[in-house]
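# Geometric and topological summary
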Amino acid sequence: MSIAIAATALTKRYGRTKAVDRVSFEIQAGEIVGFLGPNGAGKTTTLRMLAGLVRPSGGACSMLGGAVPGPELRQVGTMIEEPSFYPYLTGRGNLRHAAILHGGVPERRIDEVLAFVRMENAADKRVRAYSQGMRQRLALARALLWRPRVLLLDEPTNGLDPAGIAEVRASLRQVASEGVTVLVSSHILAEIEKLVERILAIDRGSLRFDGPLEGLLGAADARSVRYDIEATDQEALLAALRDFGLEPAPHGARGAIVSVPSDRAAGLVGRLSTAGVEVLEARRETATLEDAYLRLVGAEGRPS
């Protein structure tokens, strides 16, 4: 399988600040990869360098085998930061303008992408009347206009309701099934978890994780175990857990949720019983992507 996107020691400095610090990764053709990072972590700057919108201070990146910037970028669709359109034009008019600038896009393709993002009914309304969610859909339609081989998407579901988010997720899966490579950033970790099989996690400009989603979740499970415990006396349960040096969170009328270091997880219920707590139920929970990510970036002091 060919490499669609590559970054080698990619670096961007603004004065003395390194927004991106020697980031390296490769993405194979047809992969859907999630790009995670808090605000200011460097993910948007990385996407802008990959798209040829920002020149790196060091390192290099390539797209579809060609150096960036280069002609291969004509086969890339982008949706980076807040989408901008001509407000006095209709949605269809904005897409037609983008098609003319790019060249080689047949008129029928405009109708195809509008239907794909379910914007047919709003296509002839002026964009200044669009909601944020409608703008996001139109931006995705524009990114797909010239049948790109690569999609670079920055927070594509901003402003969408749950149904809209699910539709975009299904659309991206369909696009990827046709061989398109997708690199998508999002702060909605639950949605990324449902969409991708591989994660790139960046924090403070450095790549902190590159691997399968299961690997990140497994690493979180290896460090600690999360329990949902129910007892006859919630206050006694919370007090005992705090006595054990843990930080429980009350849950419901009789329970608590607590993360326990893996090396201390065995025998937790027994220790609670010894402390006089009558445990009704203790459920071990699998780590979510959000749990795993917060533990990853929290390891160096970022609040989690």
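Notes on the structure in this doc start here. (Residues numbered from 1 in each chain as written. Predicted model: local features only at pLDDT ≥ 70, side-chain atom pairs only at ≥ 80, totals over all residues. Heavy atoms only, no water.)

### Quick word on the overall build of the protein chain
The condition is simple: A helix here means a DSSP run of H or I that spans at least four residues, while a strand means a run of E at least two residues long, and both kinds are numbered starting from the N terminus. Exposure classes here rest on a 1.4 Å probe applied to the protein chains alone. A residue is buried below 20% of its type maximum, exposed above 50%, and partly exposed in between. By definition, residues are in contact when any of their heavy atoms lie within 4.5 Å. Only the protein chains shown count as cover for residues, and the accessible areas themselves come from Shrake-Rupley with a 1.4 Å probe.
A tally of regular secondary structure across the protein chain gives 11 helices and 14 strands. Residues counted as buried form 48% of the 304 residues belonging to the protein chain. Across the protein chain, contacts joining residues at least 24 apart in sequence account for 68% of those joining residues at least 6 apart. Only carbon and sulfur atoms are counted for the fraction: they give 49% of the accessible area of the protein chain, which is about 14600 Å².

### Some words on the sheet that holds strand S10 (residues 206-212)
Put simply, the test is: Criterion used throughout: strands pair if DSSP finds at least two bridges between them. Axis definition: a line fit to C-alpha positions, over the contact stretch in the case of helices; interaxial angles, taken between N-to-C directions, run 0 to 180 degrees.
Read from one edge of the open sheet, 6 strands run S6-S7-S8-S3-S9-S10, paired in mixed fashion. Taken across any chain shown, the strands that pair with only one partner, and hence form the sheet edges, are strand S6 (76-79) and S10. Taken over all neighbouring pairs, the strand axes of this sheet differ in orientation by 15° on average, direction set aside. As defined by bridge partners, S6 adjoins strand S7 (residues 150-154) across 4 bridges and the pair is classed as parallel. In the strand pairing of S7, Gly77 is matched with Leu151. Along the sheet face, helix H4 (residues 132-144) touches S6 and S7 and points at about 165° away from the line of S6.

### As for the nonpolar core
For clarity, the threshold we go by: Put simply, a nonpolar core is a bunch of buried Ala, Val, Leu, Ile, Met, Phe, Trp, Tyr and Cys residues held in one set by side-chain atoms that sit within 4.5 Å of each other.
With 44 residues, the main nonpolar core has Leu95, Leu140, Leu145, Leu151, Leu153, Val184 and Ile199 as its most contacted residues. Ala4, Ala41, Leu73 and Val76 belong to the second-largest nonpolar core, a separate cluster that totals 28 residues.

### Observations concerning the layout of surface pockets
The cut-off we apply is this: Only protein atoms enter the 1 Å grid used here, on which a cavity is any set of points holding a 1.4 Å probe that cannot leave and a pocket is any open set flanked by protein within 12 Å on both sides along at least five of seven lines; residues with an atom within 4 Å of a point are listed as lining. Grid points are joined across faces, edges and corners, and a volume is the space filled by probe spheres set on the points. Put simply, Ala, Val, Leu, Ile, Met, Phe, Trp, Tyr, Cys and Pro go in the nonpolar bin, Asp, Glu, Lys and Arg in the charged bin, and everything else, Gly too, in the polar bin.
One number sums up the size of the largest pocket: a volume of about 690 Å³. Lining the largest pocket are 24 residues, and of these Leu53, Thr78, Met79, Arg142 and Trp146 sit closest to its centre. Of all the secondary structure elements, the ones that give two or more residues to the lining of the largest pocket are S6, helix H2 (91-102) and H4. By residue number, the principal contributor to the lining of the largest pocket is H2, which donates 5 residues. Along the lines of polarity and charge, the residues of the lining of the largest pocket split into 14 nonpolar, 6 polar and 4 charged.

### Points about the pairing of strand S4 (residues 58-63)
In terms of strand pairing, strand S1 (residues 3-14) meets S4 through 5 bridges, oriented antiparallel. Opposite Ile5, over in S4, you have Met63 as the bridge partner. Pairing analysis gives 2 bridges linking S4 to strand S5 (residues 66-67), with the strands arranged antiparallel. The partner of Ser62 across the bridge, within S5, is Ala67. What sits between the antiparallel neighbours S4 and S5 is a turn of 2 residues, in which Leu64 has the positive phi angle 55°.

### So, helix H5 (residues 162-177)
Formally: One fewer than the residue count of a helix, multiplied by 1.5 Å, yields its expected span. Note that the arc is computed from the directions linking the helix axis to the C-beta atoms.
For H5, with 16 residues, the first-to-last C-alpha span of 23 Å sits near the 22 Å given by 1.5 Å per residue. Among the residues of H5, Gly164, Ile165, Val168, Arg169, Ser171, Leu172, Val175 and Ala176 are the ones counted as buried. Angular distribution of buried residues about the axis of H5 spans 165°; they occupy a single face of the element. Exposed residues on H5 whose side chains face more than 90 degrees from its buried face are Pro162 and Ser177. Residues of H5 that are buried sit in contact with strand S3 (32-36), helix H3 (107-116), H4, S7 and helix H6 (189-195).

### What about the pattern of salt bridges?
Pairing between side chains of opposite charge can happen when their charged atoms approach one another. Which entries qualify depends on this criterion: A side-chain nitrogen of Lys or Arg and a carboxyl oxygen of Asp or Glu constitute a salt bridge if their distance falls within 4 Å.
By the definition in use, this model includes 16 salt bridges. For the salt bridge of Glu167 with Arg137, the shortest nitrogen-to-oxygen distance reads 2.9 Å. Remark: Arg137 occurs in helix H4 and Glu167 occurs in helix H5; sequence separation between them is 30 residues. You can call Arg137 buried: its relative accessible area is 16%. Note that Arg198 and Asp210 form a salt bridge whose closest N and O atoms lie 2.9 Å from each other. Taken together, the residues Arg198 in strand S9 (residues 198-203) and Asp210 in strand S10 connect sequence positions 12 residues apart.

### So, the pairing of S10
The pairing of S9 with S10 spans 6 bridges and is classified as antiparallel. Looking at S10, one finds that Asp203 is bridged to Ser206. Taking the residues that link successive antiparallel strands as the turn, the S9-S10 hairpin has 2 residues, and the phi of Arg204 there is positive, at about 55°.

### Some details on unusual backbone geometry
Geometrically, the link from Val68 to Pro69 is a cis peptide bond, its omega value of 0° lying close to zero. Checked against the element boundaries, Pro69 lands in the loop between S5 and S6. A positive phi angle is found at Glu155, which is not glycine, with a value near 55°. Its location among the elements puts Glu155 in the loop between S7 and H5. Unusually for a residue other than glycine, Arg204 sits at a positive phi of about 55°.

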